[in-house]
Amino acid sequence: MPSTQIQWFPGHMAKTRRLMKESLPSVDILINVLDSRIPISSKNPEIDTLAENKPILTLLSKSSLADPAFTAKWKNYYKANNENCLFIDSITGANINEIMPMIRNILHDKLARYEEKGMSGRNIKAMIVGIPNSGKSSLINKLAGSKKVKVEDRPGVTLTKQWVPTSIGLDLMDMPGVLWPKFDDERIGENLALTGAIRDAILDIEGLAVALCSRLRNLYPELLMTRYKLTEKDLDEDMQDYEVFEAIGRKRGFLISGGEINYERTATMLLDEFRGGKIGKITLEIPPTD
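All figures in this text were calculated on a predicted structure; none of them were measured in a lab.

**Concerning unusual backbone geometry**
Next up, step 1: You will see that Asn 95, though not glycine, has its phi angle at about 65°, which is positive.
Next up, step 2: Relative to the elements of secondary structure, Asn 95 occurs in the loop between strand 3 (85–87) and helix 4 (99–106).
Next up, step 3: Asn 95 gets classed as partly exposed once you look at its relative accessible area, which sits at 32%.
Next up, step 4: Positive phi values are uncommon outside glycine, yet Lys 229 reaches one of about 55°.
Next up, step 5: Inspection of the secondary structure puts Lys 229 in the loop between helix 9 (221–228) and helix 10 (241–251).
Next up, step 6: A relative accessible area of 64% means that Lys 229 is categorised as exposed.

Shown next as structure tokens:
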């Protein structure tokens, strides 16, 4: 299970912090890409401070993988807190065409001043940030209209800043996707691991898959039962989380000699299917109520 004491990429975070501070004077706005399934865990707690006085547009990516009911609650939460946000999806294209109008609205006064000075044709410059595997690179490629940025379903592909032009009057400064040095809440580390922001190679994926079973049997038992053909008895309150995990392995026929369950194969399958939306539309965090 991911530990709050492990230092995830602390050197990378320090480097990115310096890059941001040096580069902020060159941009008009900061775009912060979060994962719609974990809006709290995927937000760098330092981002508001790092942005200094630059306006921020929060883009919640992978919205097609999130629970629509909770997405609606998150929209209300951001609206109540006067935060500029948009739920998007780079795969389906949902709300991608709303990004530029929203940016223009946020920068209305600044753009009006540019127009007064005869600079109305100037491209808007935005710094785009986000944790590893947040969907940031896919979004940039969608906006750029071509594969300008390397995209892989694993964290840490973008290693340095780079400028990416688009055809919509927006120049994007892509920053490396990094995690902060430590997590104050163990659940945050777990959420980041579940959604693929932390490399599986450094995790106990079997323990992580058992944690996923625990979360899903409490939040989305019907989805779990439907996807893996489980019965109510399989999810009985007397059943331990690892027993639910084992039941899924048996249902899928992931067995080795002697009828033992292939734990690694079961864990890999569970995490892949959750991350790919095959279990269903799932959100792991609800908005704060205070």
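Back to the text.
**Details of the nonpolar core**
Next up, step 1: By size, the foremost hydrophobic cluster in this structure holds 37 residues, and its most contacted members are Leu 192, Leu 224, Tyr 228, Leu 230, Ile 248 and Leu 270.
Next up, step 2: When contributions to this core are tallied by element, the ones reaching two or more residues are helix 7 (186–194), helix 8 (205–219), helix 9, helix 10 and helix 11 (263–275).
Next up, step 3: In terms of residues, this core owes the most to one element, helix 8, which gives seven residues.
Next up, step 4: Once residues within four sequence positions are removed from consideration, Leu 270 is found in contact with Ala 209, Leu 212, Cys 213, Tyr 228, Phe 245, Ile 248 and Ile 279.
Next up, step 5: Judged by nonpolar contacts, the second largest core, of 24 residues, contains Val 33, Ile 103, Leu 111 and Leu 143.

About the thresholds
Residues numbered from 1 in each chain as written. Predicted model: local features only at pLDDT ≥ 70, side-chain atom pairs only at ≥ 80, totals over all residues. Heavy atoms only, no water. Helix = DSSP H or I, 4+ residues; strand = E, 2+ residues; numbered from the N terminus. Buried < 20%, exposed > 50% of the residue type's maximum accessible area, 1.4 Å probe, protein only. Core = buried A, V, L, I, M, F, W, Y, C linked by side-chain atoms within 4.5 Å. Contact = heavy atoms within 4.5 Å.

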